[in-house]
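Coordinates in review
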Amino acid sequence: ASKDRMCFYVDNTVTDPDSGTVDPQVRLLREMTEKVARKVTQHHKLPITWLKFEEEVREVKTLEPTKKTATVEELLQLAMKAAGIKNKEELVVLLQYLSNRAVLLYRPRALKNGAEEVVLDVEWLIQKVEKVITIQTDVPPMFLDDEKRSKKRGIMTELLIKHLLSDCVSARPLVMSLMSCFDLLCQYSGFDADNMTEADDRRDFLSLEGEDDVYTELTMTNSTAYFIPCLLETASILQS
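Quick summary incoming for the structure in this document. The structure displayed is predicted, hence computed values, not measured ones.

About the thresholds
Residues numbered from 1 in each chain as written. Predicted model: local features only at pLDDT ≥ 70, side-chain atom pairs only at ≥ 80, totals over all residues. Heavy atoms only, no water. Helix = DSSP H or I, 4+ residues; strand = E, 2+ residues; numbered from the N terminus. Buried < 20%, exposed > 50% of the residue type's maximum accessible area, 1.4 Å probe, protein only. Contact = heavy atoms within 4.5 Å. Areas by Shrake-Rupley, 256 points an atom, 1.4 Å probe, with all protein chains shown as cover. Phe/Tyr/Trp six-rings, centres within 6.5 Å; stacked < 30°, edge-to-face > 60°. Polar contact = N/O pair within 3.5 Å; in protein donor to acceptor, adjacent residues only side chain to side chain. Pairing = 2+ DSSP bridges. Core = buried A, V, L, I, M, F, W, Y, C linked by side-chain atoms within 4.5 Å. Salt bridge = Lys/Arg side-chain N within 4 Å of Asp/Glu carboxyl O.

1. Things to note about the overall build of the chain
Each helix and strand in the chain was counted, giving eleven helices and six strands. Counting every position in the chain, which comprises 240 residues, the buried fraction comes to 33%. Within the chain, counting contacts between residues at least 6 apart in sequence, those at least 24 apart form 61% of the total. Here the chain has roughly 15300 Å² of accessible surface; of this, 52% comes from carbon and sulfur atoms.

Below, the structure written as structure tokens:
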């Protein structure tokens, strides 16, 4: 790793905005981010067409508040018609620029199927991600064991993720892919349901508080699982 890089071990259970309590690592991360931001020059010459396109995007977000995402092809048509953008190559550079400014969020090849989608409402995306990494909503009884395991092991089944994101079914693959891009989620492959030599390890992993939960085991072996480190309430590195 580069000697100029720093690693921050953040305990997201400490920070409490209401009481003013902030994890020291979060405070240090914020200070370092502000320090780096001040070094970045803000003086750039931008084409007028770029500014026109940004205005068009903001207008779309205002006139169509329920439209949270758009394909690159949709935005290309808008860019060529309303702003005079010449081609997709220029649009991609522009999208990356606007993404850096949090006007929207664009990550090339975020989706496995090769489709390119852009998040128009970044705040909306943050809210969806927050629902997964904090499980703020009450879950049905059938997911209670899944919720406990998520907080204890950081492992969540795809079934529970689908439930938490049930209000954005069409955008769910994009939300999960972007979470993966930002290292907030990765597919878990800690056991092979067909490998009997790992049965004892799998049973120990799936059991909660020493109990052999049949439903939990069936859920885990029949559903894709994901590791979401933000869900962990305790971390060994903080205990050592």
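2. Some thoughts on the packing of aromatic side chains
When we look at a pair of aromatic rings, we describe it by the centre distance and by the angle of the planes. Scanning the model with the defined rule gives one aromatic pair in all. Plain terms: the ring middles of tryptophan 50 and tyrosine 97 are 5.7 Å apart, the flat faces sit at 40 degrees to each other, and that makes the pair tilted. Of the two residues, tryptophan 50 is situated in helix α2 (residues 48-63) and tyrosine 97 in helix α4 (residues 88-100); the sequence distance between them amounts to 47 residues. We classify tyrosine 97 as partly exposed; its relative accessible area is 21%.

3. What about the side chain of glutamate 54?
Assignment of secondary structure puts glutamate 54 in helix α2. Overall, the relative accessible area of 9% leaves glutamate 54 in the buried class. Side-chain polar atoms of glutamate 54 contact the side chain of arginine 101, separated by 2.9 Å. Those residues in contact with glutamate 54, other than ones at most four positions away along the chain, are Leu98, Arg101 and Val103.

4. Quick word on unusual backbone geometry
Residue alanine 102 is not a glycine yet carries a positive backbone phi of 65 degrees. When you line up the elements, alanine 102 lands in the loop between α4 and β2 (105-106). Of note, the phi angle at aspartate 183 is positive, near 60 degrees, even though the residue is not glycine. One can find aspartate 183 in the loop between α8 (172-181) and β5 (186-187).

5. Some points on the sheet that holds strand β6 (residues 225-227)
The sheet built from three strands is open, its strands ordered β4-β6-β5 with antiparallel pairing. Both outer strands of the open sheet, β4 (155-157) and β5, are each paired with one neighbouring strand and no more. Pairing of β4 with β6 involves three bridges; the strand directions are antiparallel. Opposite threonine 157, over in β6, you have alanine 225 as the bridge partner.

6. Considerations on the environment of threonine 49
Along the chain, the position of threonine 49 falls in helix α2. Separated by 33 residues in the primary sequence, threonine 49 and alanine 82 place their C-alpha atoms 8.9 Å from one another. With near-sequence residues (within four places) excluded, threonine 49 lies in contact with Ala83, Gly84, Ile85 and Glu90.

7. A short note on the sheet that holds strand β1 (residues 69-71)
The three strands lie next to each other as β1-β3-β2, forming an open sheet whose pairing is antiparallel. Whereas interior strands pair on both sides, the edge strands pair on one side only; in this sheet they are β1 and β2.

8. So, the nonpolar core
Core analysis: the largest hydrophobic core is formed by 26 residues, its most contacted members being Leu125, Met156, Ile161 and Ile228. For this core, the elements supplying multiple residues, two or more each, are α5 (122-134), α7 (158-164) and α8. Setting aside residues no more than four positions away along its own chain, isoleucine 161 makes contact with Met156, Met176, Leu185, Tyr226 and Ile228. Membership of the second largest hydrophobic core comes to 21 residues, among which are Val92, Leu104, Tyr106 and Leu120.

9. A look at the pattern of salt bridges
In this structure the tally under the stated criterion is nine salt bridges. Note that glutamate 74 and lysine 67 form a salt bridge whose closest N and O atoms lie 3.4 Å from each other. In this structure glutamate 74 comes out as partly exposed when scored by relative accessible area, which is 40%. In this structure, arginine 149 engages aspartate 146 in a salt bridge whose closest nitrogen and oxygen atoms are separated by 3.0 Å. Within this pair, arginine 149 and its partner aspartate 146 are both found in helix α6 (residues 144-153), separated by three residues, close to a single helical turn. Taken individually, arginine 149 and aspartate 146 each receive the classification buried, so the pair is uniform in this respect. Through salt bridges with shared partners, one network takes in Glu54, Arg58 and Arg101.

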